[in-house]
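Residue-level structural notes
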Amino acid sequence: MVDIIVDGQVMQARKGEMIAAALMANGKNTFRKTVKREEPRGIYCGIGRCTDCVMTVNGIPNVRTCVTEVEEGMVIQTQIGSGEWQ
Amino acid sequence: MKRLKRDIVVIGSGPAGLCAAIEAARSGAAVLLVDENAKIGGQLFKQIHKFFGSADHRAGVRGIDIGEQLLRQAEELAVEVWLNCEACGIFDEKTVWMVRDKEHSVAVEAQRIIIATGAVENSINFPGWTLPGVMGAGAAQTMINIHRVLPGHRVLMVGSGNVGVIVSYQLLQAGATVAAIVEAAPNLGGYGVHTAKVRRAGVPFYTSHTVKEARGNGHVERAVLVKLDSQWNQVPGSEFEVEVDTICIATGLTPAVELAFGSGCRPFNSPPLGGLVPVHDRMMKSSIDSIYIAGDVSGVEEASTAMEEGRIAGLSAAHSLGTITDQMFAERLEQLQHNVDALRSGMFGQKRREAKDAIVRSYGVER
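Residues numbered from 1 in each chain as written. Chains lettered and ligands numbered in written order. Predicted model: local features only at pLDDT ≥ 70, side-chain atom pairs only at ≥ 80, totals over all residues. Heavy atoms only, no water.

1. A closer look at the pattern of salt bridges
Residue and element names in this part refer to chain B. Taken as a whole and assessed by the stated rule, the structure comprises 23 salt bridges over all chains. With a closest N to O distance of 2.7 Å, Arg215 and Glu241 form a salt bridge. Residue Arg215 is located in strand β12 (residues 209-215), and its partner Glu241 is located in strand β14 (residues 240-243); the two are separated by 26 residues in the primary sequence. The class of Glu241 is partly exposed, set by a relative accessible area of 41%. A salt bridge links Arg311 to Glu308; the shortest N-O distance between them is 3.5 Å. Of the two residues, Arg311 and Glu308 both sit in helix α7 (residues 303-320), three residues apart, roughly one turn of that helix. (Salt bridge = Lys/Arg side-chain N within 4 Å of Asp/Glu carboxyl O. Helix = DSSP H or I, 4+ residues; strand = E, 2+ residues; numbered from the N terminus. Buried < 20%, exposed > 50% of the residue type's maximum accessible area, 1.4 Å probe, protein only.)

Pasting the structure below:
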């Protein structure tokens, strides 16, 4: 198991699993909010095609969480709109 | 930017690409197989059900086990594999531009390119369809079979084709409740063997129904279903709610054609096979002599067909480079085409067979 930090909160994830799977296993289903109306979005295609599940990961926005593996200490943030580089 | 050379570059390591690489390597070509994912196999390893067809097509064997066998074959043949490698474009009909590990730009000059990029799930739109909890049936299947995470506890399946009923059954096995399967057509779409299993498990089917709306505060909490008349119009007043936290959309797939069309392959519209596809001949050659295609990108069918098509593409591409004799090629091609024809035989295969024939005819006429 590895620890990931999701919106400032520590969550446990299985080594090698995708961020999206780890978040859903921890009960988090909203990954980002839309730019104008801040509507919630979760996973849609689950295989890296639709980009609905993108989040800001280690300061990089628009990371496809369904095809990105968790890493120890990874900082994951719910993304608003198109996000910002940090 | 690094520039390399290979006989054949295969793009996409799903059932079609993997089989294309194996067949081409077995025929004596130096093959590079690339895939954007971290693991080889495309969507094959989430297919935990037994495949269809005859014994020749490995029917009765689970997709995941077929995948393991193919991986071993590729290893034995020393197929070169680049994972985490995105093919971004094809230039001058032979140079594949790729980004490796999201960092390094690489151009590989290939004598032949085989595009096996697969397909993307279709969506249907209704109020609330963007709520978390609405997802492709394939996404739910990936979650349970690959990641072992249950995406929800009470599921509505939209679409009763093979994907809809197979994923429904796998969701039941994974511990979810499937509240209903809705089908807009008056008849069920999937093979009886899978449909019956779900029905025996007590899942209600609603034919001539669709989902009208998804409701919930920040997440799916309910779905509103509505009856459809013979003209596929919603029947006012026939709405009813089902309590679900997940809505899976299994309404078919669309070929992932961006790379093929971006490289100049001529399109052909084939609605029965998912829409626009690169036109191709029986040898899976596209309208460009150096580019072959295989699998769902050439028309959406099943993994079994994708594997046979992949073998044909790999064999033909290798033969066009002179790595095997004409006689060896002719014998093997006949066998592979017999296999693929068998998969398109019978009443279930008729529509797909006719659609494929139309593509091949168009190749001859307009070339």
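2. Observations regarding the interface of chain A and chain B
Many analyses report the size of an interface as the accessible area lost when the parts associate. Each partner contributes residues to the interface: chain A has 21 residues there, and chain B has 26 residues. At the boundary of chain A with chain B, total buried surface from both sides reaches about 1,800 Å², with 58% on carbon and sulfur atoms. With its nearest N and O atoms 2.7 Å apart, the salt bridge here joins B:Glu36 to A:Arg49. Applying the counting rule to chain A against chain B returns three residue pairs in polar contact (both at pLDDT 80 or more). At the level of elements, α1 (19-25) and β4 (40-41) of chain A are the ones that each hand at least two residues to the side of chain A that touches chain B. With four residues, α1(A) is the single largest residue contributor to the side of chain A that touches chain B. In terms of residue class, the side of chain A that touches chain B is made up of eleven nonpolar, four polar and six charged. (Contact = heavy atoms within 4.5 Å. Buried area = accessible area lost by both parts, 1.4 Å probe. Polar contact = N/O pair within 3.5 Å; in protein donor to acceptor, adjacent residues only side chain to side chain. Nonpolar A, V, L, I, M, F, W, Y, C, P; charged D, E, K, R; others polar.)

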